[in-house]
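Breakdown of the fold
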Amino acid sequence: MSSSTTFADAPAAARSAPPILEIVNAVHAYDGVVALDNVSVSAAPGEFLTILGESGSGKTTLLRLISGLEKPYRVGTLKLEGVDVREVPAFQRNCTTVFQNYALFPHMTVGANVEYGLKVRGVPPKDREARAREALRLVQLQEMYDRKVHQLSGGQRQRVALARALVPRPAILLLDEPLGALDEKLRVDMQVELMQLHKQLGMTFIYITHSQEEALTMSDRIILMRKGKIEQAGPPAEIFDSPISSFAAKFMGVDNCFEGELVAVSDGWASVAVGERRIDGRWTGKSAPQPGAKVAVGMRAEWLQLSDAPPDASGEHNVLDCVAEASIYKGKYLDRTVKTALGPLKARIWDAASSARHPSFVRWKKGDCIVMNA
Amino acid sequence: MSATAMETYSRRAVAAPSARRRLSTSPRWTTLAKGAGVFAIVMIYIPLVWLAVMSFTANPLAGIPYPLTFQNYATLFADARWRPPLYTSLLMSAGVAVVCMALSTLVGRALTRMARPGASLLLVLMPLFVPGLTMGAALFIFLRTMLNLTLGMWSIFLAQLVWALPFCILLVLVVASRFDLRLLDAAEDLGASPWRRFWDIEMPILRPGILGAGIFGFLLSFNELPRSLFVRGIETTMPIYNWAMAASQQSQVPIIFSLTTILLAVTLPVMGAFFWVLFVKLDKN
Ligand SMILES: Nc1ncnc2c1ncn2[C@@H]1O[C@H](COP(=O)(O)OP(=O)(O)O)[C@@H](O)[C@H]1O
Ligand SMILES: [Mg+2]
């Protein structure tokens with residue numbers, strides 16, 4: 001990323017500063033379909049906030065509420081930079097969007113597209129051009145100023161859309177699955193570039209994605225959405241390690257999830273009956289329910305260890321006997337399915353040579369086993 | 001219509017099932033299509049060329065292109081009676097064209113934003129299927145007999161507008177239905193007020209349709225006869241004048257030949273150039 005004068009490096013954001021975005025109890029519906037159900041979000045200046053969720057969970061709707069393109073059915077507070085913007089139309093709000101489909105103006109050149117946000121603000125043509133060229137340099141498209149939009153590749157269009165949104169220097173940059181249409185390699189490159197850009201500009205980024213891997217890589221904080229509600233919010237490591245529900249766990253790639261009945265819970269540890277078996281693990285759910293309640297147990301495939309001899313009963317592990325089933329070769333690792341009293345479990349083996357050929361036991365640390373709301 | 005549209009169309013034709021392709025590219029069908037095309041072109045242009053040739057002959061109605069003379073043109077330019085109807089028509093058609101552009105843009109935009117435009121679309125396009133004389137008579141009865149208004153320029157204008165507008169709306173709709181409304185969201189997001197969004201984004205993209213509506217509005221109005229006849233009051237447009245002259249006074253026929261020839265000689269190249277600029281040149285950019 002090239003250095004620049006107007007997009008100067010900004011000091012690290014002060015997390016204690018008042019929020020740059022504040023939404024309290026937003027409700028929105030499209031003719032009867034509830035898209036947002038009492039959602040509250042806030043963002044600190046300079047934060048990289050990711051909204052994660054499957055298709056149809058209301059991510060775009062939330063973004064359009066912030067940009068002003070959608071007027072919420074009801075909202076308690078909607079503040080940008082501390083100012084109530086509930087009645088401010090989109091074209092007067094200090095935030096811009098990189099749209100999922102880019103929405104570049106087909107009848108304008110790349111330069112005119114990038115300059116448009118300045119043109120409507122009455123910036124003189126010369127300054128406009130200088131700033132547009134600089135933004136294009138920032139996204140490594142300096143040569144493309146005079147091109148037509150239809151002469152660009154998908155990745156280049158994505159960068160033009162990014163430059164166009166950056167040029168008015170908004171307080172908040174909204175990105176709606178900006179890498180969704182790109183191929184794998186380009187997507188990884190762009191992830192890195194976006195992160196560098198974010199660091200360099202010190203701007204608040206609100207980033208939508210349905211990819212947990214993208215969210216974990218890029219964000220300061222993740223908001224996981226489900227059917228128009230916020231399922232869980234927190235830093236990537238927290239959501240990754242301590243999903244509060246089986247939905248969050250499955251979304252964050254916890255391969256093995258089972259339902260069980262809570263037997264006991266104390267000091268953050270929980271004991272669960274799954275069928276005949278007792279499984280112990282960390283309680284990561286919200287407020288712990290009474291014993292007897294339905295809860296979920298989860299463990300990642302990479303934490304399961306397979307062996308052909310009975311492991312020592314140290315009390316630190318959950319142990320089950322198992323029968324080996326299919327294994328899938330994935331290059332870097334091997335995914336092995338074993339049948340247990342709980343049902344099939346998936347174990348990930350990184351060192352295929354030294355692992356048991358015909359495992360009859362599977363064990364995992366109690367600390368690597370999570371117990372959460374069903 | 002436009003070059004891109006043609007391109008998509010031809011690509012689709014290529015993608016058709018192979019049986020269909022064999023049929024459409026078989027030499028016999030190609031020959032037949034070429035023959036029909038040539039026949040159609042001949043049927044359109046021979047009478048026009050004949051008309052032009054006849055305007056240079058001494059006695060056009062005799063049907064013999066001999067002897068050649070400029071006499072008809074001399075008579076035409078010596079005569080001043082056809083000029084007021086021409087000016088009336090030019091002004092009227094220009095007015096109809098402008099109003100058509102504005103109204104068809106408004107209606108076209110509204111229709112493409114509706115969730116279910118079917119019924120409204122049908123209602124808007126229905127006047128296309130009402131015969132001219134019926135429409136003229138209906139307008140006359142409504143305006144003159146029922147409302148007891150004095151007919152004149154305004155009623156001719158109204159009748160021609162009713163006639164031309166559906167065509168113009170169709171032309172705008174062709175472009176407007178392909179317009180991506182999300183572009184307006186993008187412009188709004190970047191800070192464009194409603195007015196700027198229209199001028200900077202929507203208008204330029206709809207322009208071919210709007211200009212096309214203007215051209216067709218002008219042409220349809222300029223040639224309109226049956227409706228104008230009913231609601232003309234005491235006014236005379238070019239088609240009314242030509243029709244009256246051709247129908248009643250034998251002695252005037254030769255100068256009608258000259259007049260229509262001049263109109264054709266002016267209109268065809270101008271329209272040709274206009275369409276070339278509109279759909280070939282603009283499309284390339
Ligand atoms: N313009 C609209 N009209 C009707 N329903 C809509 C519209 N936009 C979104 N929805 C519905 O609202 C819900 C949330 O949509 P959206 O915010 O686009 O989700 P996401 O971006 O997470 O995929 C979905 O059920 C979707 O079908
Ligand atoms: Mg979306």
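Residues numbered from 1 in each chain as written. Chains lettered and ligands numbered in written order. Predicted model: local features only at pLDDT ≥ 70, side-chain atom pairs only at ≥ 80, totals over all residues. Heavy atoms only, no water.

Time to look at the pairing of strand S4 (residues 77–80) of chain A. Residue and element names in this part refer to chain A. Of the two faces of S4, only one is covered, namely that formed by Leu78 and Leu80; the face formed by Thr77 and Lys79 stays uncovered. Summarising the sheet, strand S1 (residues 21–30) and S4 pair through four bridges and their orientation is antiparallel. Of the residues in S4, the one forming a bridge with Glu22 is Lys79. Where S4 meets strand S5 (residues 83–84), two bridges bridge the pair, whose relative direction is antiparallel. Among the inter-strand pairings, Leu80 is bridged to a residue of S5, identified as Val83. Between S4 and S5, which follow one another and run antiparallel, lie two residues, and Glu81 among them has a positive phi close to 50°. (Buried < 20%, exposed > 50% of the residue type's maximum accessible area, 1.4 Å probe, protein only. Helix = DSSP H or I, 4+ residues; strand = E, 2+ residues; numbered from the N terminus. Pairing = 2+ DSSP bridges.)

Residue and element names in this part refer to chain A. Around ligand 1, the neighbouring residues are Tyr30, Val33, Ala35, Glu54, Ser55, Gly56, Ser57, Gly58, Lys59, Thr60 and Thr61. Between ligand 1 and the protein, one listed contact pairs an oxygen atom with a backbone N or O atom of Gly58 at 3.1 Å. Lys59 places a side-chain nitrogen or oxygen 2.9 Å from an oxygen atom of ligand 1. Its free accessible area being 560 Å², ligand 1 has 60% of it covered by the protein chains. Listing elements by their share of the shell around ligand 1, those giving two or more residues are strand S2 (33–43) and helix H1 (59–67). Take the shell around ligand 1: its biggest share by element is three residues, from H1. Residue classes in the shell around ligand 1 are distributed as three nonpolar, six polar and two charged. (Near = heavy atom within 4 Å. Polar contact = N/O pair within 3.5 Å; in protein donor to acceptor, adjacent residues only side chain to side chain. Areas by Shrake-Rupley, 256 points an atom, 1.4 Å probe, with all protein chains shown as cover. Nonpolar A, V, L, I, M, F, W, Y, C, P; charged D, E, K, R; others polar.)

In this section: the domain arrangement of chain A. All names here are of chain A. Each assigned domain of chain A is listed here: domain 1 (6–241) and domain 2 (246–373). Here the C-alpha centroids of domain 1 and domain 2 sit 38 Å apart. Taken together, the contact pairs 14 residues of domain 1 with eight residues of domain 2. Both sides together, the interface formed by domain 1 and domain 2 hides about 970 Å², and carbon and sulfur atoms give 69% of it. On inspection of domain 1 and its partner domain 2, the count reaches two residue pairs in polar contact (both at pLDDT 80 or more). (Domains from an automatic or database assignment. Contact = heavy atoms within 4.5 Å. Buried area = accessible area lost by both parts, 1.4 Å probe.)

The subject of this paragraph is the sheet that holds S2 of chain A. Pairing within the open sheet is antiparallel, and its four strands lie in the order S2-S1-S4-S5 (chain A). Single-partner strands in this sheet number two, and they are S2 and S5 of chain A.

Attention now goes to helix H3 (residues 27–54) of chain B. An ideal rise of 1.5 Å per residue puts 40 Å on 28 residues; H3 of chain B measures up with 39 Å between its terminal C-alpha atoms. Along its length, H3 of chain B reaches its greatest deviation from straightness, about 25°, at Tyr45 of chain B, and the proline Pro47 of chain B lies no more than four positions downstream. (Expected span 1.5 Å × (residues − 1). Bend = angle between axes of the 7 residues up to and from the residue.)

Now for the packing of helix H2 (residues 110–119) of chain A against helix H3 (residues 125–138) of chain A. All names here are of chain A. In contact at an axis separation of 9 Å, H2 and H3 are set at 120° when each is read in the N-to-C sense. In terms of their interaxial angle, H2 and H3 are classed as oblique. In this structure, the crossing between H2 and H3 has a hand that is right-handed. Of the residues in H3, those in contact with Val110, Gly111, Val114, Glu115, Leu118 and Lys119 of H2 are Arg128, Glu129, Arg131, Ala132, Ala135 and Leu136. Across the contact of H2 with H3, the residue classes break down as six nonpolar, one polar and five charged. (Axes fitted to C-alpha atoms, helices over the stretch in contact; angles between N-to-C directions. Parallel < 35°, antiparallel > 145°, perpendicular 65-115°, else oblique. Left-handed = near helix turned anticlockwise from the far one by under 90°.)

On to the confidence of the model for chain B, then. All names here are of chain B. Residue-level pLDDT values for chain B average 85, and 88% of them are 70 or greater. Considering only residues more than four positions removed or in separate chains, one finds that residues 1–17, a stretch of pLDDT under 50, has nine contacts. The complex model carries a pTM of 0.83, and its ipTM stands at 0.85. (pLDDT = per-residue confidence, 0-100.)

Glancing now at the sheet that holds strand S20 (residues 361–365) of chain A. All names here are of chain A. Read from one edge of the open sheet, three strands run S15-S20-S16, paired in antiparallel fashion. In this open sheet, the two edge strands, each paired with only one partner strand, are strand S15 (305–307) and strand S16 (317–321). Averaged over neighbouring strand pairs, the angle between their axes works out to 25° when direction is ignored. Here five bridges tie S16 to S20, and the two strands are oriented antiparallel to one another. Looking at S20, one finds that Asp321 is bridged to Phe361.

Residue and element names in this part refer to chain A. Side chains Cys95 and Thr97 project from strand S6 (residues 95–98) onto one buried face, and the interleaved Thr96 and Val98 project onto a second face that is buried too. In this sheet, strand S7 (residues 172–176) lies alongside S6 in parallel orientation, the contact comprising four bridges. Along S7, the bridge assignment pairs Thr97 with Leu174.

We now examine a nonpolar patch on the surface. Residues and elements named next belong to chain B. On the surface, Leu133, Phe140, Ile141, Phe142, Met146, Leu147, Leu149, Trp154, Leu158 and Phe230 cluster together to form a nonpolar patch covering roughly 900 Å² of accessible area. Every element with two or more residues in the nonpolar patch is listed here: helix H7 (132–146) and helix H8 (153–176). With five residues, the top contributor of residues to the nonpolar patch is H7. Tracing the backbone shows Trp154 in helix H8. (Patch = residues over 30% accessible without salt bridge, like charges linked within 9 Å, V, L, I, M, F, W, Y side chains within 5 Å. Salt bridge = Lys/Arg side-chain N within 4 Å of Asp/Glu carboxyl O.)

What follows is about the pattern of salt bridges. All names here are of chain A. Tallying each qualifying case throughout the model produces 25 salt bridges over all chains. The partner of Glu177 in a salt bridge is Lys59, and the shortest N-O contact between them spans 3.8 Å. You can see Glu177 sitting in the loop between S7 and helix H5 (184–201) and its partner Lys59 sitting in helix H1, a full 118 residues away along the chain. Its relative accessible area of 12% is what places Glu177 among the buried residues. With its nearest N and O atoms 2.9 Å apart, the salt bridge here joins Arg133 to Glu129. One end of the pair, Arg133, and the other, Glu129, are both in helix H3, four residues apart, so they sit about a helical turn from each other.

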